[in-house]
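One letter stands for each residue in the lines below.
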Amino acid sequence: AALREMPTTPEQSRSKSELLRRTHAVKGCGTATRRKLNDKFKNAEDLRNATVPDIVGLKGISVAVAEDIRKAIRGEIVPHHFAGRQHVTVWNNITRRKVWGCIAPTVHNVEEWLRARPDYERYVDQDMMEKGPNQLPESSKMELDVYVAYCQQSSGDVAQLRSNLHEYALHLVESATADRDISAVILRAGERIGHSREDLRASLQLELDGGSSTPSSTARTPLSVLQTASGLLRRPIWVFTSLASNCCVCEISVDGVESDPRRVSPLRLAQHHGSFFTIATGAEDAVVEAYAEDMPTGGGPPADDPTAVHAGEVHLPAIKEDVATALHAVLGLTADAETWSKKHFGTSLNLDTFKQPIIDYQERLCSGEGRDAVLIGDNGVGKSTLINLCAFNTMQDESTYKTSSNCMPEAVKYLYNSRNENETSREAPPTLKELLHKREVRGRADVSIQLLSDESSDDAAAVQRGYQKLESSISKYGEKDGRSRPKVADFLLPCGMADQSTTTLHTRVRYGSTVHALVEFSSVEELQQQAYEFVQLRRDLGDDDPDDLDEKKKRDLKYSWHTYITVTNGTVRVEDLPISFDGLPNFDDALTWNQITVCDALREIVKSSYVLYLGGGTDLHLDRKHAHDLLWRLNNKDELHRVAAKSVDVFVPAAVFQGGCSFVDLPGLNDVDPKCFAQTVDGLKDVGAVYVVLRKSLFEDKATLGLLEEAGLLRRIVQHGDVDVVFITNREVVDQSLAISAIMSAEEETVREKLKKRTSDLWRKELAKVNKQLQKAGEPHRTDDEIGAIAQRTQICAVYPMAHTALQLNAGKRKEEAAALFQVSGMYWLLGSLEALNRDGYVRELERIVQDTLPGLRAKLESSATQGSGELPEQLVNFANKTLKQRSMSSSLGHLFESLKERVAKPLTTDSNSYKAQLNQIVLNFIEEDPSVNEFLAKAAKDQSASLQILERRMDEDGYGVSLRAISPGYKGALKRLPIMPVVFGSINNPMPIKFKPLIENLEAMLEQIKQVVIERVVSTVDDVIKDAGGDGDMMSVRILKESFARSDLLATMNQRFANFFSADRHAALLKNRQPAEYFNKVAGQRRLPALQTKMLSKHALPRSLDQVKQLVSGNLEATRMEWKRLVASELENFVGQQFSTLYDDLTWGERGLLKSLLRSFLQHIVQTSAMYRDAKLKQQLFRYLRELTQSTNTVHALWTRLIKRDNPEELGRAAAQHVERTRLRLMIERLARNFALGKPNRRMAPLRLLPRHQALWFSSEMIFMEGDLDKLLTLNKEVLTNYKRGVWTTGHSDLFRAFGMAVWGRSHIKECLKGISEDPLTEAAGQLRAVCIEQIRHHYADPGDRRNRIEEALGEQIEPYLERLERDTYRGDALCLFFLANHFEMSIVLWRPGEPLPKPVIFSGSARRQQPATAHHLVLATEEPAQRGGGESEAFAAFYRPTWYFQDERGVNFKSNDTVEILPETDDDTAARKSVSKTTTLGKESVVRTRELRNGVIETLIDGVPISREKRQRSGPGPSSSSSNAPMP
């Protein structure tokens, strides 16, 4: 009411930003359009007077959108065009939300509609007047110049600041004190939302200093600091001031930062002139009123990092792993929310729409598809060796290579890239188990299955010995300072033959959870065409003596003759092929290419287009060696497979290839085999980066420059800049005697710098030369400065891969040398540059999760708690409950679904002018009419004359034989010196000069119409549901129900699905990155070769002379271009048609279809909303999930911003390498620890919000034997319950490992994991955790030194007797054990100790970084008597340490209305115990209850110090090994 009475701002006084905010109501006016409007119109007056032509003049804005923008700016009503009708947006005064789309009134009935519903009114920016933690009215925003003036004032009342905050339901943090350093306040506020204080401080300092490492002397204004922080945090900053004005809040947001608070929560600060404060929301955890402002105190961890491979290692966080962990926590939260809703409402919340993008992203981080990195260079330069060592250094540990039979080989996912349009089956691709059993890939008759073991006779023992021998030789190489450099020829890729190419095929190495390979083979027709080339040459030779030909022609004739022999009779070995021309066969003039006989052996090889070779999935090195043997066979020129194979993809579990990274190994440039050269040129067409491997510098390797120019890469770099070239000098190839110690010398550094300069100088000259050629030809080109910038950005580095690998194996023995070498070896840089290739893709996808998926998930959870104006009709709730229990298609829900399906099918597919037909027509119209398509074809036709003359002149020089090869299908129109592709199309560059963005925009506009039609049909069916249930659709509670469903379920689901229209069921990286225009461009480029084959290369058998060859080329140029146009139209039409069919299937496919799912969601929404209204406790529980989701969202958002900032290849590679080593170490520890079987922790950690008065401490070595007063346990319980809603479990554990297992995994999960392993799963789990702890401590303190001395001093004994004590199940564990468990499982733990007036919790961080964790598990430690020293063994503290461990869990606490707290026993899933035990404790009671264990094993219970009962401790197993003694706490 107060808001409605506020005086309105005069129209002429509205600011420019306020006018722009109005355009949010315009469909089609997004952030980019508003930015254009802001740049075009300099002030509010210009914007207010803008005409439709003025707005249309801005690129990309249609007339219809411009008209709506003009109306919105002027404050006029902007109707929404929804499903063909105009609707007027209205405002619901009950929910304080706007209502739009098909649930809003139409233009024609709006007045009547409003008269019948007095709680609604026309929408006129009411939400822009609302004030709240996430609502900032335009009228309250302070202009930047006013804020600058405010910062310079020094008078005012801080009470006004509190009053201003109160209007937004905000308040100063309880412990907040004024701070004149705005950076310090930003750091504290940023840390509260998940940012690392150290990282943020460093980044903020660097940005403020302009990227310089030297601090800037320029004075920093608050505004500059805030703008810099907004860019770093990628969120707006709201600064609440003490100005006594309605405009008291300054919004700081920079370009490119999402400012919508519904998608990104703002960072809120308070300012009183020169002083700054952190603030909190009034609803931000009603129990915890404030956050701790400072870092925990106390000593640091007892060692730098328990998971560090080497002492003194600098810990670099693996951000991708942190992202995966954070998203895993979100999925755990959604699973808990589904379980909770199932328990209380009878049906689970349907959160699949929000879970699936997260699941897909997690998969992409591991095995997604991305941009390739192609390695080129001469034979023997070390390309294959480089790939082998990268894989060797990052390969999965062999002990954990036990592939699940239910896993899906990555190659199968790519084979199942998309479904055919007419395919109705929605079957999932087959699993490894199914593939091994059935030996077929469903739906792919062109794919056959073979085992890798069929290609090799090696046994596991021999392979293991070979691997150990290789590892030993590399290790000895490091010990001997680089003498006798070992070979890695048998590791994965064949290598080590400097005199000839060991890689003759396009070989791509990618990530796979199991080792397997996918090989593409030539068809029988292609083999016949290869052989027929010799027939043509022989006819041309006639009766002439072949020995009279020049050397080049003789070589070509002999090569083609050998190919003919191999194809027709299977002879392939060089020694078996004819050396002279004696016996040269003659051929009948009537012989055609399809009459060539292909030998049976080759026919057997190529009977399938693809062969999937599978490893067994149980022995890593055996599968790897089998893959190596297969690759050797495919690349061996003495094998028939080499003739038949076209390309091979090999998949291995090496971390270097995760996230879509892959290396492509191409044949050497100095290989005389023309087919190898063709493979190399073809492999450079669609690359993401080219890694040029050099012996010295580019100056000594002119062949590489020629290849880059011939493949069109130099033009592509200059014109488009979409491909990176990286130069790598492999110094170990040139200087075989180079000692490892010499690599760090000043002389070697001088050599590196000299080679780098020579390469850089020549590279710049070549780019400038190509640029001048483009300028002369009138084509797009660059300025000289731009060329210099491209050359400057080109990465050039020397690498020492073998030395790096050797010292990595010897890092424990040669720590200083290893650290020095790793700085110059170039291998970290190489790993990082490879990861950086695909970094932008997964960063963009994570941005969508942060700004779309997670906010949508929150809106979905909030929807059931929407406040209404009354209870829902009982008959509506009963109808929903009854219908949800029905499953058959003949049920009420089934009839509703069939009716809805018919309503949707008619406009989408059935009508003559269906939306499906309209989408196809849009594609065809674009190909026919788009200017960029016609310009491309016209330019190609114009330029063909000059390029054809050059081609024909070269054909005359090279003769009929070579010219014939130029039109052979095997060379794909890219034969060296005689390329036909550029003659036809003007260039072989990718991307093509065609702009597909207009096509995408037209398709998206049509998809928006389709989405609106579907939504309108769903809403209509929802109205039918309400009517069938006897509900009143105009009843306010029912209307609010419908509005909240449409907003949170219907719209969110449809938006998510239609946004994925182009990428659904596709694996292409461009589509996953939401770049459909670029993907269409790639498709258009790929259609050039099929067009050339259809119109020209397929006729290669016809020419009988050189003139006929030239006539074939010149006479089919235009026909080839028209065929290309037809193929592109057909391909894109098929693509759109398949994606539409996928969309339609997703909407209508039975139980899994979105339409039926939405109907069920509406019925669930009815039940849940009704239950929430009746039971306020359920709403409180739901808000708990919302608070945790907010915390998780902030964590993921912070990680996303860190990913954006991390782009240094050296740092990326070092972090990735350390992550691999730490992962290997963890796996090794778990292997040694009784075959650890619990897996990753499954219980999510709760948000950690500590009150300032509970001063947290970091764990330090002085705290290993901490004490806690058992008598004060209930006092601590009361303190924690009151402030954190966390209760101590009634059962304590005398074993840390049992308590840790229960807190981190839970009883149910432990039972499930250890089913069949032990009759007492909890004891077995505790034993496994104890073993993990022992192995971690043993490894960490294995080497003598200061680290070990310090910990032994803290223990009061040496490590060995301490570990012996720990191995005995009777030892209960201590804080050191907890520290190592927390680090091993990367779980943060807060340990509470009763006894102090104000408890000081101790933090055990799951990371080595000194940063307060955002989430943590909670444990409680109580000791029965203080640790003390005596004589002999008693000198060890552990001898008399008798702790009892409890864990806290808010799910075990039940608050009652009479101030009584019910503490539920054990775990949430222990329902039997919950039914049988119910213990209550009144908070006001001061009785002290404790238990103690006497020496004879008797448990004594005392109340207020008086013994009440004694009982013998129960053991769950024989002998002292059982440690299940639980100390019950009444």
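Not measured: the values here are computed from a predicted model.

Caption draft 1: Broad picture of the sheet that holds strand E3 (residues 90-92). Taken in spatial order, the three strands of this open sheet run E4-E3-E5, and their pairing is antiparallel. The open sheet is flanked by strand E4 (97-99) and strand E5 (120-122), the only strands paired with a single partner. Averaged over all neighbouring strand pairs, the angle between strand axes comes to 35°, with direction disregarded.

Caption draft 2: Representation of the pattern of salt bridges. This structure, assessed with the given rule, holds 60 salt bridges. For Arg510, the salt bridge is made with Asp649, and the minimal N-O distance between the two is 2.8 Å. Within this pair, whereas Arg510 is found in strand E13 (residues 506-511), its partner Asp649 is found in strand E16 (residues 645-652), the two being separated by 139 residues in sequence. Accessibility assignment for this pair places Arg510 and Asp649 in one class, buried. Notably, a salt bridge pairs Glu700 with Arg758, separated by 2.8 Å at the nearest N-O pair. Pair noted here: Glu700 is in the loop between strand E18 (689-694) and helix H24 (702-710) and Arg758 is in helix H28 (residues 746-776), with a separation of 58 residues, a long-range link. Residue classification places Glu700 among the partly exposed residues on the basis of a relative accessible area of 44%. Classification of Arg758 as partly exposed rests on a relative accessible area of 30%.

Caption draft 3: Geometry of the environment of Phe1380. Inspection of the secondary structure assignment puts Phe1380 in helix H55 (residues 1375-1384). Sequence separation of Phe1380 and Ile1334 is 46 residues, and the distance between their C-alpha atoms is 9.1 Å.

Caption draft 4: Spatial organisation of the packing of helix H50 (residues 1296-1304) against helix H52 (residues 1321-1340). Interaxial distance between H50 and H52 falls to 8 Å at its minimum, and their mutual angle equals 105°. One finds that H50 runs roughly perpendicular with respect to H52. Seen from H50, the contacting residues are Phe1297, Arg1298, Phe1300, Gly1301 and Met1302; seen from H52, they are Leu1322, Thr1323, Ala1326, Leu1329, Arg1330 and Cys1333. Looking at side-chain class alone, the contact of H50 with H52 contains seven nonpolar, two polar and two charged residues.

Caption draft 5: Region of interest: the nonpolar core. In this structure, Phe521, Phe657, Leu908, Ile1010, Phe1080 and Trp1124 are the most contacted members of the largest nonpolar core, which totals 252 residues. When residues of this core are assigned to their parent elements, the largest contribution, 14 residues, is made by helix H39 (residues 997-1028). In terms of nonpolar packing, the next biggest core, distinct from the first, is built from 60 residues, Met1266, Ile1334, Tyr1371 and Leu1421 among them.

Caption draft 6: Representation of the pairing of strand E14 (residues 516-521) within the structure. The buried count for E14 comes to five of six residues, which makes it a mostly enclosed element. Pairing of E14 with strand E15 (residues 610-614), which is carried by five bridges, proceeds in the antiparallel orientation. Pairing of Val519 across the sheet is with Val611, part of E15. Where E14 meets E16, six bridges bridge the pair, whose relative direction is antiparallel. In the sheet register, Phe521 faces E16, and the bridge partner there is Ala645.

Caption draft 7: Here's a closer look at the side chain of Asp649. By relative accessible area, which is 11% here, Asp649 ends up buried. Within the local environment of Asp649, its side chain forms a polar contact with the side chain of Arg508, the two groups lying 3.0 Å apart. Within the structure, the side chain of Asp649 is placed 2.8 Å from the side chain of Arg510, a separation counted as a polar contact. In this view, Asp649 contacts Arg508, Arg510, His516, Ala517 and Leu518; residues no more than four positions away in its chain are not counted.

Calculation rules
- Residues numbered from 1 in each chain as written.
- Predicted model: local features only at pLDDT ≥ 70, side-chain atom pairs only at ≥ 80, totals over all residues.
- Heavy atoms only, no water.
- Pairing = 2+ DSSP bridges.
- Helix = DSSP H or I, 4+ residues; strand = E, 2+ residues; numbered from the N terminus.
- Axes fitted to C-alpha atoms, helices over the stretch in contact; angles between N-to-C directions.
- Salt bridge = Lys/Arg side-chain N within 4 Å of Asp/Glu carboxyl O.
- Buried < 20%, exposed > 50% of the residue type's maximum accessible area, 1.4 Å probe, protein only.
- Parallel < 35°, antiparallel > 145°, perpendicular 65-115°, else oblique.
- Contact = heavy atoms within 4.5 Å.
- Nonpolar A, V, L, I, M, F, W, Y, C, P; charged D, E, K, R; others polar.
- Core = buried A, V, L, I, M, F, W, Y, C linked by side-chain atoms within 4.5 Å.
- Polar contact = N/O pair within 3.5 Å; in protein donor to acceptor, adjacent residues only side chain to side chain.

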